[in-house]
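The chain contents come next:
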Number of protein chains: 6
Amino acid sequence: MANYGIPTEFVTRLPENDIADWCLSDLRKYHVGTNHIVRGGDRVGVYFLETGAVARASKVVYNRAHSSMSEIKPGMVDWKKVFKEAHWFHWTGITPAISQGAADACLEAIEMANEMGVTVSTDLNFRKNLWKYGKTAQEVMPVLVEGCDVILGNEEDFEKVFGIKPEGFEVTATGGEVNAGEFESVCIQMMRKFPRAKKVIITLRGSVNANHNTWGGCLYSDRLYLFKRYDITHIVDRVGGGDSFMGSLIYGLLTYPEDDRKALEFATAASCLKHTIYGDFNLVTVAEVENLLKGDGSGCVLR
Amino acid sequence: MANYGIPTEFVTRLPENDIADWCLSDLRKYHVGTNHIVRGGDRVGVYFLETGAVARASKVVYNRAHSSMSEIKPGMVDWKKVFKEAHWFHWTGITPAISQGAADACLEAIEMANEMGVTVSTDLNFRKNLWKYGKTAQEVMPVLVEGCDVILGNEEDFEKVFGIKPEGFEVTATGGEVNAGEFESVCIQMMRKFPRAKKVIITLRGSVNANHNTWGGCLYSDRLYLFKRYDITHIVDRVGGGDSFMGSLIYGLLTYPEDDRKALEFATAASCLKHTIYGDFNLVTVAEVENLLKGDGSGCVLR
Amino acid sequence: MANYGIPTEFVTRLPENDIADWCLSDLRKYHVGTNHIVRGGDRVGVYFLETGAVARASKVVYNRAHSSMSEIKPGMVDWKKVFKEAHWFHWTGITPAISQGAADACLEAIEMANEMGVTVSTDLNFRKNLWKYGKTAQEVMPVLVEGCDVILGNEEDFEKVFGIKPEGFEVTATGGEVNAGEFESVCIQMMRKFPRAKKVIITLRGSVNANHNTWGGCLYSDRLYLFKRYDITHIVDRVGGGDSFMGSLIYGLLTYPEDDRKALEFATAASCLKHTIYGDFNLVTVAEVENLLKGDGSGCVLR
Amino acid sequence: MANYGIPTEFVTRLPENDIADWCLSDLRKYHVGTNHIVRGGDRVGVYFLETGAVARASKVVYNRAHSSMSEIKPGMVDWKKVFKEAHWFHWTGITPAISQGAADACLEAIEMANEMGVTVSTDLNFRKNLWKYGKTAQEVMPVLVEGCDVILGNEEDFEKVFGIKPEGFEVTATGGEVNAGEFESVCIQMMRKFPRAKKVIITLRGSVNANHNTWGGCLYSDRLYLFKRYDITHIVDRVGGGDSFMGSLIYGLLTYPEDDRKALEFATAASCLKHTIYGDFNLVTVAEVENLLKGDGSGCVLR
Amino acid sequence: MANYGIPTEFVTRLPENDIADWCLSDLRKYHVGTNHIVRGGDRVGVYFLETGAVARASKVVYNRAHSSMSEIKPGMVDWKKVFKEAHWFHWTGITPAISQGAADACLEAIEMANEMGVTVSTDLNFRKNLWKYGKTAQEVMPVLVEGCDVILGNEEDFEKVFGIKPEGFEVTATGGEVNAGEFESVCIQMMRKFPRAKKVIITLRGSVNANHNTWGGCLYSDRLYLFKRYDITHIVDRVGGGDSFMGSLIYGLLTYPEDDRKALEFATAASCLKHTIYGDFNLVTVAEVENLLKGDGSGCVLR
Amino acid sequence: MANYGIPTEFVTRLPENDIADWCLSDLRKYHVGTNHIVRGGDRVGVYFLETGAVARASKVVYNRAHSSMSEIKPGMVDWKKVFKEAHWFHWTGITPAISQGAADACLEAIEMANEMGVTVSTDLNFRKNLWKYGKTAQEVMPVLVEGCDVILGNEEDFEKVFGIKPEGFEVTATGGEVNAGEFESVCIQMMRKFPRAKKVIITLRGSVNANHNTWGGCLYSDRLYLFKRYDITHIVDRVGGGDSFMGSLIYGLLTYPEDDRKALEFATAASCLKHTIYGDFNLVTVAEVENLLKGDGSGCVLR
C-alpha cells in the first residue's frame, strides 16, 4: 500500500540493536511508516528459505522462537494512539500463531479498532509449523475474526481453521475448471459465522510446480466476483504473493469504494506481478498494474 | 558479423576518457574493428535496463541525452576513408532518432556509400521514447531509407514510420497462423516506395510473456521467403535480438549471395540463439547456428 | 547413496596437493568416504562447462588428459582391502575411456570384486569425446561388462557400445509414446550377451530443449518395469542426473531387495529432483523423494 | 546530519524516471528528506570511479553534463517554501561549477536564505575538471560566498579560488609538523574578505598514499582551534570524507553552540570514521563518534 | 586440532532441522567429529558481525537467546560415552554465560571428565554482553575452573572474572615493553587459587587499530615462557583468533608433551596465521606453522 | 608493452577448443597480437593461486603438465615468419622449465632471432617446482642465455641457475641498505659469462610480508644504474609484477634508446603500479607511470 502512495504504519516490536535499526531503514526506504514500532526484547526473528524448483518444494526453517514480537504482551503498544488517525487496521494469522502474548496483543488491537470505528481486515494465513505454544488456531482465531470487516484466506485456511467446506452447490463457472459455487458456499458460511464481515476473499493458487503457478481470486460481498487466473510460468519469487494481494486489495477497496470487482482485479493483477520480483516487497507501480489489467501481459520491452 | 570472422569496423563517436577506452577494448575483444571511431564530446551515453519477467515488462531508462554520439555533426567522420575498403554499410534507425546532427551525419554517410558503390542496409528500429529533438521519424527517415539496398524492420516499424499496412491480400501460409500475404504486401509496398531496395526483411516476434517469445522472419526479394518461428521458452536476454538478426543476415547475404532463403534461415537461427546469451553480443559460432538449422534444438549436452 | 545414509567409499587417484586435499574435504562434507583414495600423479583433472539454454546446448571442454586418475595403473589400489567389507562395487564407463591404465585398473577391480562375491554394477556412460588413447569402447567394454551384475545405460549407449538395437517387437505401452517392447528387446539382448547380468536398466531422457527435459527409466529383471516420465520444465542443472539415478537405484535395490519396481521408481524420482539442484551432488532426502513418489510435484512452499 | 537525527531536506532536481525514484527511496532510507526535490530534465548525472591503491590514484570520470541538476534555472525551486521552517542552508562549490543555471539558482537560494535569516554555510569543493561552461570559479564564487556565515575548504581551495595563501606568520604548533599560524593566516584573510563569515574551517588531508591518509581540521572563529590529525592506515573509501566532515560540523555547531572546539572535534572524528565505510553515506552513530573522541581508536571487537 | 589430524569430537546441541544438518556437514568437511552432538530445541543460535576497519570497531549483535544450546540441561549428553575414548576435554567460558542449564551441563561434564581422568582445559572467554540469565561470571566460573588442568585467558579475563591483577613484581622483559613479571604474577595467583591447574596461559593482543594488531602469548607451568608478539599489519579476519590459539595449544601440548615452550610458540604462530584467513576455521597446515616459526613471515609466493 | 601502444605478438601453443578461443579474445582485448599462436595439443595449462596475506604466503598449485605449450616441439612455429617484421624477441625461463620440447623450441627461436638480427631478451624466472622432466636449469639455461642481448633476473635467479654470487666488492650505496657493489659484481660476472649480453637487470623485491613489499631494480650496461625502492604498503596483486617490469623495460629501452636510466626508472615505476591492480595484466597508462616518476605517489583522487 505504501508503494502505491497510501500512508501506512507498520506496528510491530523489535529489539534495541543495529539489526533492528537496519530493518527500520529498509521500511522507510519503501515508504512504510515506523512511528508506532515499539522496541524491546532479545532478538529479531529470522527464517531461512530454501528456494524450490520444479518438483522440489521451497522449505522454510523458522528461527523466530522468542523473537521480540513473539514476546509482545498486551499494553506494550498504545493502540489508542496508533488508531487516532487511522482508517484501516490489518492483521495476519501469523501473529496469534507465534505466542499467547502476540495473540492477546492482537485481540487488544482488534477490540480497540472496533471501538474507534477503524475498519479491520485479516489474512487468515494458517501455518501448521507455527502454533506451538499450546493452543490451536481453532481455539484462538474465532474470537479474533469476530472483530473483522474483511476476511481473506486461501481454500485451505477456511477448512483448517474453521472447518468450513463448500456445501452442495450446483452452479459452476461457464466453460472452465473453476467452480464458482464452491467458493460462494465457503464465503456465505463465513459471513454467517462472522456477521461483522462485509467481504470475504479467497485467493486461488494452482501449483503446477514450484516455477509455474496459476493465480487468481474471488471476492464475496453483495455477490460473488470471480477474476480470471493468471498463468505465471516463470516465477521469480512467490514469497509475499499473498501479502501483496492483501495490500493491493485494501488499496483497491479504498480507491474504488463502490467497485468490489475493480478492487479484486487490482489485487489479483498486482500480486501476479509480485511473483516476478525477488524479495518480500512488491515494487510495481499502479500504472504497471493497470497495464496488466488492460490485458498487456506480453512483457514486451518498454523503450 | 565480427564473431563469424567477417572484417568489420564500428563507426561511432566517443569521448576522450577511460570509460570510452574500455569500450574500445571490449569491442576489440569481440573482433570488432575500432579504426574509424572518432573521439570527442562530453560523455558516453548509458541506459538503465530493468529486466522483466512473465507479465512484467523490461523497462529501459535512457540516459543518452548529449552523449558524444548524439552531438556528432557532419564532417566529423571521414566517410571516404571509412568506405575505401568496405563492401557494406549498415546503419540503424536509432541514430537519426537521437539528434539532428546524428541524422545529418547518417545521411552524409549514406550518400557517400551510394556514391562509392557500397551496399547500404538499415534496421528501422523505431523507438518512441527517442525522437525528442523536434523532428519525427516520419519526417526524417524517408530520405535516409531512399539510399538503402536492404531494409529490415519489425511489423510495427513499417506502420509507425511509413504508415504501411498490409493491403487486402488473400494468400495465407499453409496450415499455420502466419499470414504470408500480409507480409508480402508490406514488403512490396516498401519496395515500391523505395525503388533502390532489393530486399525487405521483417522480423516476427510473438511475445507470450517476458520469458517466452516466438521468433521468426521473412525476406522479400524476387519472392517471399518465410521461415519458421522458433519457440524460445526460457529467454536469457532478449536485448540485442534484432541486432544479432541483422548482423547474421548480412553474413548470410555475403556468404550465400545466391540463396536468400539460406541467409534468412541463418539470421533467424542465429538470433534465436542470441536470446539464450546474457549481454549485447551474440557469441555463437557458425557451427552452432548450422546445428540448429539442421533441426537440433534439443539443447543436449555436448561432451 | 552417502546422502541417504549408506556407507560409501569413493576410490580414485588424486595428486598430493592442496587442490586434491580440498576435494577430499568436499567429499567428506557429503558423507562420502575417502579412505581408499590413493595419492600420486601430476594433476587433478578438470573440465569446463558452458551451461546451455533453450536451443543452445551445454558444452563440455575436457581438460583431464594426464590427470592422476588417467595415469592410474593396475596394482596402485589394494582392491582386496577395498572390498573387504564392501557389498557393492560400482564403476562407470568414463573410467576405461580415459586411458589404458584406467581400463586395466578397472578390469583388475571387477575381477577382484567377482572373486570376493561383491555385487558389480556399471553405468555405460559412453562419451565420444573421450576414448582417445587408441582403443575403442567397442573393444574395451565387453570384457569389463562381463563381470557386471547390474548394467545401466541410456538408449544410445547400448547401440554405440554394443551395437544392440531393438528387434522387431510388437508390444507397445498403453496409450503413450513409450514403446515398452523396444526397451525390453534391448534389455533381453544385453542379458543374453552378458549372462552374469541380473538387471538391465535404461534411463530415458527426452530433450525438449536445454531447459526442459522429460526423464524416466525402465528396469528389466524377471520382467520389464517401466516408470512414468517426469516433465522437468525449468531445469536448474542436469549435470549429474544420470549419476544420481544410479546412486539412488543402488540405494533402492539394497533397501527394497524384493521390489525392483520400487527401486526403479525411487531412482527416477530422486534423479528428477537432482535436476533442480545446482552442482554435481544430489542433496535431496529420502523423505523428499518419497513425497514426490506419493505424487506431490506441486512444489508448494513447506512452512 | 540526518544520520544523527537532525531533520534535513535535500534540495536538488531529478528527472521523472525510475532511476530518480530509486534515488529518492535511498535518501529516505537514510532519513534524508525529499520534500523539496523538483522533477524535470533529461537525466540523472552519474560518474564513474576507479578506486586507487597505494601509488595509483583514484580517478573520477564525470558523466554529469546536461543532468537535470545542471539544467536547473532560477525559479524552479520555491526557496521561500524551502526555508520556511529551516534554520540552516548548506551548499557546495560543485553546484555553481556545473552550469550557469546552477550557479544562478545557487545565488537565488543564498539571497533568500539571507533575507529569511537562515544560516548559510558552504564547502568550497573546488574541482578543476568541472567549471567548463565558460566561467571560472574565481569569477563566480565570490558573490556566492559573500552570503555565507560558515565557510569550509581545504588548503588548495582557498588558494585556487581566492588566491589566498598564508602570510608571513611565525607561530607554530607545539611539538609538531602542523603550522597553526599558516592556517590562522588563511582564515583571517578569508574573514576580512567575506565579513559576513563567522567561522572558517580548513580540512587537512595528508596523502601518504591512496590507502593511507592523515586527516584533521582547524576552525577559526574567535580564535584558532586545531584538532589532531587521525592516522587512517587502511582506508576503505575516502569518497564522501569531506561531506561527512561538513555534515558532522553542522551537527556539532547546532548541538554545542557555545563550544566550537567540540564541534570541530566531532566533525573530525566522524569523518575519520567515514573513511572506514564503503559508499557515500556516513553511517556512524553519535555514540561511535564520541567513543573515538574519548580516545578509543583501537578497533577492538564489541561483543 | 582436527585440521592438524587430531581426532576430535564437537559436543553441542542443535535442533532437528535442515540448517543444523548443514552445520554438521560443514564440521565434517573440516574433519570435526559430530558423533556426540545431541539434537533438540527450537533453533540454531546466530549472530551478526559488522566488520570494523581502522578506528571503527567490529560489532557483534548476538541473536542466540533460546538457542538449542542455551536450553541444554544436565542429562542430555551422555558424558560417560563421550569421554570413553577421550584424552582431553576443552570447554569455553561462553557456554556457562548463556544460561543456567548450559552452566549446569558444563559442570556435569567437567566433573565426569575429572572422574574419568580426562585432562580438562578452559578458555575463560569473558563476554560482558552475555551473562544475562541472572548470575554473574564471578559467581559461576570458580567452581567450573576448579576442575581444570589448563587455563587460558586474556589479560582482562583474569581481572574481570576473578579480580586477579598483577602484584608488585619488579622483573621486566629485557629491552621491551612487555612486562614478564606482571604476567607471571597473574599466573601464579591463578595457580594458587585453582590448585589443580598445571598450566596457565595468557594471550596478548595489542590493538593498534581494527586492521593492525600485535599478537603474542605467555605460558606458565614450571616457569614463565614468553613468546614474541607478531605484528599483524593487514588483518583479514580476527574472529576465531583466540579459538585457533587454544586448539593449536592443545595440539602442541599433546605433540610436544615435554616442551611447553614449543607448544606456546606453535599456538602463537598458528593463531597469527588465522588472522589472515576469512571465516571461523583456521585452515593452515602444520607445515605452514613450522615455516613461520622458522622465521619466514615474508609471505613470498610459493611456486 | 601492448598496453603502451607497442605492436606485440604473443607466440604460444593452444589447443583447438572454446577455452583457448576465449584466451585469444582476452589477449585481443588488451591489444596483444595473436597472429602467430599455433593450435594443437590436448589442453590449456592452468594453475591455482591461493592468495596470501601478512605472514601467510601465496601458494601456486601448478596444473600445467601436458598442456599444449608443454608439448610443443621444434618446427611447430614458423619462426622465420614470426620474426619477419619483429625487432625484439623476449622469452622467459618458465618455458624451458616445463618440457624438453619447450626448451628445444625456445632454443630454435633464439637461434633464428640471432640469425635474423632480432634483439633477444630473457627473464630467468627460476621456479623450483617446475623443471621436472629430467634436466636441471643449470644444464639447460646456459645455451639459451648465450643468445641473449638483455638478461633480467632477481637476486636468487643468478645464484640458483648460474651459481653467480657477488664477489668481494667494497663499494656501498650512499646512506642506505642497498649494496650497489654486490649488484654490480653479479652483473659483471654475468656479462663475462655471456659476452653477447649488453644489459643485465636485477629486480629487487623486499618482502616485509605478503601485503607489504619494497620494489626496485638496477641495470648494468656501461655502468650500474640503481633506482630507488618503492614502498608498496597495501599490495592488491603481486602476480605479474616481474612480467610488467620486463614489458615496461623493453618499452623503455625502445623509447629512450640512449637513456638506460630512464628505461630502468620507467620499468620500476610501472611495475610498482602493477602491484595495485588485480589480475595478470598491467593496465596503467604511460601518463600514470610518468606521474609516479615525477614523484606523485600520493594516490590523491583525480577529479
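Colleague: I'd like a rundown of the sheet that holds strand S5 (residues 88–92) of chain B, residues and numbers included.
Modeller: Residues and elements named next belong to chain B. Within the open sheet, the six strands sit side by side as S5-S6-S7-S8-S9-S10. Their pairing is mixed. The outermost strands of the open sheet, each flanked by one partner alone, are S5 and strand S10 (224–232). Direction aside, the axes of adjacent strands within the sheet are offset by 15 degrees on average. Where S5 and strand S6 (residues 119–123) come together, five bridges link them in parallel fashion. Bridging from a neighbouring strand, Trp-91 pairs with Thr-122 of S6. Helix H7 (residues 180–193) rests against strand S7 (150–154), strand S8 (199–209), strand S9 (212–220) and S10 of the sheet, and its axis sits at about 140 degrees to S8.

Colleague: Give a description of the pattern of salt bridges that names residues and reports values.
Modeller: Residues and elements named next belong to chain B. Enumeration according to the criterion identifies 58 salt bridges over all chains in this entry. Across the pair Arg-56 and Glu-50 runs a salt bridge, and its minimum N-O distance is 3.1 Å. We note a salt bridge from Lys-262 to Glu-290, for which the minimum N-O separation is 3.0 Å. Taken as a pair, Lys-262 in helix H9 (residues 260–274) and Glu-290 in helix H10 (residues 286–293) lie far apart in primary sequence, 28 residues in all. By relative accessible area, Lys-262 is classed as buried at 19%.

Colleague: Tell me what's going on with the pairing of strand S10 (residues 224–232) of chain F, and back it up with residues and numbers.
Modeller: Two strands pair when backbone bridges link them, and strand S9 (residues 212–220) of chain F and S10 of chain F are joined in this way by seven bridges, in the antiparallel orientation. Its bridge partner lying in S10 of chain F, Thr-214 of chain F is registered against Asp-231 of chain F.

Colleague: Summarise the interface of chain A and chain C; cite the residues concerned and give the values.
Modeller: With 22 residues of chain A in contact, the opposing surface of chain C contributes 19 residues. Between chain A and chain C, the buried area comes to about 1800 Å², and carbon and sulfur atoms account for 57% of it. Counting the surface chain A buries against chain C, the share from its top three residues, Val-54, Ala-55 and Arg-56 of chain A, is 30%. Summed over the shared surface of chain A and chain C, the number is one salt bridge. Our count for the chain A to chain C interface comes out at six residue pairs in polar contact (both at pLDDT 80 or more). At the level of elements, strand S4 (59–63) and strand S8 (199–209) of chain A are the ones that each hand at least two residues to the side of chain A that touches chain C. Taken together, the residues of the side of chain A that touches chain C break down into eight nonpolar, eight polar and six charged.

Colleague: Lay out the relation of the copies chain A and chain C with the relevant residues and their values.
Modeller: Mapping chain A onto chain C calls for a rotation angle of 120 degrees and an axial translation of 0.0 Å; the resulting RMSD is 0.0 Å. Look at the turn and shift together and you get a three-fold axis relating the two. Distance from the rotation axis, computed per C-alpha, reaches its smallest value in chain A at His-234 of chain A: 4.8 Å. By residue overlap, the copies meet through two different surfaces: only 9% of the interface positions of chain A are interface positions in chain C.

Colleague: Break down the relation of the copies chain F and chain D for me, with residues and values.
Modeller: The transform that puts chain F on chain D rotates by 120 degrees and translates by 0.0 Å along the axis, for an RMSD of 0.0 Å. Interface residue correspondence from chain F to chain D reaches only 11%, placing this contact among heterologous pairings that use different surfaces.

Colleague: Can you break down the packing of aromatic side chains residue by residue, with the values?
Modeller: Across all of its chains, the model carries 76 aromatic pairs over all chains by this definition. Between Tyr-47 of chain A and Tyr-62 of chain A, the aromatic rings sit 6.3 Å apart at their centres with planes inclined by 65 degrees, giving edge-to-face as the arrangement. With Tyr-47 of chain A in strand S3 (residues 46–50) and Tyr-62 of chain A in strand S4, the pair connects residues that are 15 residues apart, well separated along the chain. Ring geometry for Tyr-30 of chain D against Phe-281 of chain D: centres 4.2 Å apart, planes inclined by 25 degrees, an arrangement best described as stacked. Note that Tyr-30 of chain D is positioned in the loop between helix H1 (18–29) and strand S2 (38–39) and Phe-281 of chain D in the loop between helix H9 (260–274) and helix H10 (286–293), a separation of 251 residues in sequence. The ring of Tyr-256 of chain C is capped by Lys-262 of chain C, whose NZ or CZ atom sits 5.2 Å from the centre of that ring.

Colleague: Quick one: what's the story with the state of the cysteines, residue by residue and with numbers?
Modeller: This structure, assessed with the given rule, holds zero disulfides over all chains. Cysteine Cys-218 of chain B remains unbridged, with the sulfur of Cys-187 of chain B as its closest cysteine sulfur at 5.0 Å. The exposure class of Cys-218 of chain B is buried, given its relative accessible area of 0%. Residue Cys-300 of chain F stays outside any disulfide, its sulfur separated by 16 Å from that of Cys-272 of chain F, the closest cysteine. Given a relative accessible area of 32%, Cys-300 of chain F falls into the partly exposed group.

Colleague: Tell me what's going on with helix H6 (residues 155–162) of chain D, and back it up with residues and numbers.
Modeller: Residue and element names in this part refer to chain D. Among the residues of H6, those classed as buried are Asp-157, Phe-158, Val-161 and Phe-162. The buried residues of H6 occupy one face: seen down the axis, they fall within an arc of 95 degrees. One side-chain oxygen at the N-terminal end of H6 lies 3.1 Å from the backbone nitrogen of Glu-156; it belongs to Asn-154. In the stretch just after H6, Gly-163 is the one whose phi turns positive, near 70 degrees.

Colleague: An account of the arrangement of the chains is needed here, citing residue identities and associated values.
Modeller: Across all C-alpha pairs, the smallest distance from chain C to chain D is 30 Å, and the two are not in contact. The two partners chain B and chain E share no contact, and the minimum distance between any of their C-alpha atoms is 30 Å.

Colleague: Go over the confidence of the model for chain A, please, and point to the residues and values.
Modeller: Residue and element names in this part refer to chain A. The pLDDT averaged across chain A works out to 93; a share of 96% of its residues lies at or above 70. Across residues 170–176, where pLDDT falls below 50, the model places seven contacts with residues more than four positions away in sequence or in other chains. The ipTM for the predicted assembly is 0.91, set against a pTM of 0.94.

Colleague: Tell me about the side chain of Thr-95 of chain A, and please be specific about residues and values.
Modeller: In this structure, Thr-95 of chain A sits in helix H3 (residues 94–98). Apart from the residues within four sequence positions on either side, Thr-95 of chain A is in contact with Met-69, Ala-102, Ala-103 and Cys-106 of chain A.

Colleague: Explain the side chain of Arg-56 of chain A to me, using residue names and the numbers behind them.
Modeller: Note on placement: Arg-56 of chain A falls in the loop between S3 and S4. Of note is the side chain of Arg-56 of chain A, whose polar atom sits 3.2 Å from the backbone oxygen of Thr-51 of chain A. In contact with Arg-56 of chain A, not counting residues within four places along its chain, are Glu-50, Thr-51 and Ala-210 of chain A together with Leu-273, Thr-276, Ile-277, Val-284, Glu-288 and Gly-299 of chain C.

The rules we used
- Residues numbered from 1 in each chain as written.
- Chains lettered and ligands numbered in written order.
- Predicted model: local features only at pLDDT ≥ 70, side-chain atom pairs only at ≥ 80, totals over all residues.
- Heavy atoms only, no water.
- Pairing = 2+ DSSP bridges.
- Helix = DSSP H or I, 4+ residues; strand = E, 2+ residues; numbered from the N terminus.
- Axes fitted to C-alpha atoms, helices over the stretch in contact; angles between N-to-C directions.
- Contact = heavy atoms within 4.5 Å.
- Salt bridge = Lys/Arg side-chain N within 4 Å of Asp/Glu carboxyl O.
- Buried < 20%, exposed > 50% of the residue type's maximum accessible area, 1.4 Å probe, protein only.
- Buried area = accessible area lost by both parts, 1.4 Å probe.
- Polar contact = N/O pair within 3.5 Å; in protein donor to acceptor, adjacent residues only side chain to side chain.
- Nonpolar A, V, L, I, M, F, W, Y, C, P; charged D, E, K, R; others polar.
- Least-squares fit on C-alpha atoms with pLDDT ≥ 70 in both.
- Phe/Tyr/Trp six-rings, centres within 6.5 Å; stacked < 30°, edge-to-face > 60°.
- Lys NZ or Arg CZ within 6 Å of the ring centre and 35° of its normal.
- Disulfide = S-S within 2.5 Å.
- Arc of directions from axis to C-beta.
- pLDDT = per-residue confidence, 0-100.

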